[in-house]
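Tertiary structure, described
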Amino acid sequence: LDSQAHQFAGFRACYAARCHLLREGVIHSFRLLRLVESVTGAAHRSSWGSRRVHQACLFGAAAIATSRRVRTRTAMKSAGRLPFLYGTAWKKEATADLVVQAVQEGFRSIDTACQPKHYREDLVGAAVERLAQAGVMREQLWLQTKFTPLRGQDPNNIPYDSGAPLDMQVQQSLAKSLTNLKTTHIDSLILHSPLQSFEQTMTVWKVFEGAVDAGTVGQLGISNCYDFNSFKSLFDAARVKPKVLQNRFYKDSGYDVALRVFCLENGIAYQSFWTLTANPHILSSDAIRRATARLAATPQQVLFCWLIQSGHQPLTGTKSREHMRQVVGR
């Protein structure tokens, strides 16, 4: 009975999702919908029951966005002011100028990390200062940063004491982030990746929870967590539940089908990165090209719009002013 109920729920969710995508103009035909299903791994499912459940998982966010709009909006509000985050990885010395430009073009949510290897968190802070001088105050921005464990750091440029106990490393990293960002409050603090053991992950998380209790941090999340059971274990064990899951959106992970549904059902913002780079097969497809012609949109806009309509929050790190404007719809 449970299996039959699950399959029936999957059918209803799949149907609602399809109708929603068609009605909103994100997907203009069932042919295009099937294309997206196929590139994200749904088309190979053989039995009707399992395929419908899989489709419901894949497009369940859109169905939930239709039937549970309040929950979706709450998750999006808690994850940022806009459905997009501006990502600052690999911007190096151009970071401050690009963050200022992104905010000028309409972004209000900024993603960074206390990881000098790939981020200039200090230059994000310099941009925050410049924006305040231009009239965009800190309170108008939404800042998200990360604690990066030792294995993700450059051994020659670690922003905390590598010999300190793990909980002290987290505290030092958070203090460094506050200094770099020139703020007393971080809106969202992310664990850059799970640690080698669940116990270590929870050691970090408990320090995170203390920062929330102190009012230094608004919410918590985790990145690069692709195993459903690992994320569910963290969710179950955490006193302060994760509000963000930030993952690479690509074929090798099966596009995080089950994780994305779990996020929507539990008020967690799923943030996608590498969304465009990892999916040229989607962006260059004939069906996407036809959609772009009909909607007078770019392939990138079509894919981003699908994610947003599904209740998710894409990151983009474009350096192009024109692309920034396309992303925010200006």
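These lines cover the structure that appears in this document, whether it is placed above or below. (Residues numbered from 1 in each chain as written. Predicted model: local features only at pLDDT ≥ 70, side-chain atom pairs only at ≥ 80, totals over all residues. Heavy atoms only, no water.)

Our focus in this paragraph is the side chain of His-312. Position of His-312 among the secondary structure elements: in the loop between α13 (299-309) and β8 (313-316). Among the residues examined, His-312 registers a relative accessible area of 1% and is labelled buried. Within polar-contact distance, the side chain of His-312 engages the side chain of Arg-260 at 3.1 Å. (Helix = DSSP H or I, 4+ residues; strand = E, 2+ residues; numbered from the N terminus. Buried < 20%, exposed > 50% of the residue type's maximum accessible area, 1.4 Å probe, protein only. Polar contact = N/O pair within 3.5 Å; in protein donor to acceptor, adjacent residues only side chain to side chain.)

Further remarks concern the packing of helix α8 (residues 198-213) against helix α9 (residues 228-237). Packing of α8 against α9 brings their axes to within 11 Å, and their N-to-C directions diverge by 45°. If you check the angle between α8 and α9, you find them oblique. Crossing geometry of α8 relative to α9 is assigned as right-handed. Residues Phe-198, Thr-201, Met-202 and Trp-205 of α8 form the contact with α9, whose participating residues are Ser-233, Leu-234 and Ala-237. Across the contact of α8 with α9, the residue classes tally to five nonpolar, two polar and no charged. (Axes fitted to C-alpha atoms, helices over the stretch in contact; angles between N-to-C directions. Parallel < 35°, antiparallel > 145°, perpendicular 65-115°, else oblique. Left-handed = near helix turned anticlockwise from the far one by under 90°. Contact = heavy atoms within 4.5 Å. Nonpolar A, V, L, I, M, F, W, Y, C, P; charged D, E, K, R; others polar.)

This paragraph deals with the nonpolar core. Counting 62 residues, the largest nonpolar core has Tyr-86, Phe-147, Val-204, Phe-208, Phe-231 and Leu-245 as its most contacted members. Those residues in contact with Val-204 that sit more than four places away from it in its chain are Phe-147, Leu-166, Val-170, Leu-191 and Leu-195. (Core = buried A, V, L, I, M, F, W, Y, C linked by side-chain atoms within 4.5 Å.)

Let's shift gears to the packing of aromatic side chains. All told, the structure shown has eleven aromatic pairs when counted by the stated rule. Seen in terms of ring centroids, Tyr-86 and Phe-107 are 5.6 Å apart; in terms of plane orientation they differ by 65°. Their pairing is edge-to-face. Note that Tyr-86 is positioned in strand β1 (residues 85-87) and Phe-107 in the loop between α5 (95-104) and β2 (109-111), a separation of 21 residues in sequence. You'll find Tyr-86 and Phe-107 in the same group, each marked buried. Pairing Tyr-250 with Trp-274 gives two aromatic rings, centres 5.9 Å apart and planes at 70°, and the pair type is edge-to-face. Of this pair, Tyr-250 sits in the loop between β6 (244-248) and α10 (257-265) while Trp-274 sits in the loop between β7 (269-273) and α11 (280-283), and the two are 24 residues apart along the sequence. By relative accessible area, which is 38% here, Trp-274 ends up partly exposed. (Phe/Tyr/Trp six-rings, centres within 6.5 Å; stacked < 30°, edge-to-face > 60°.)

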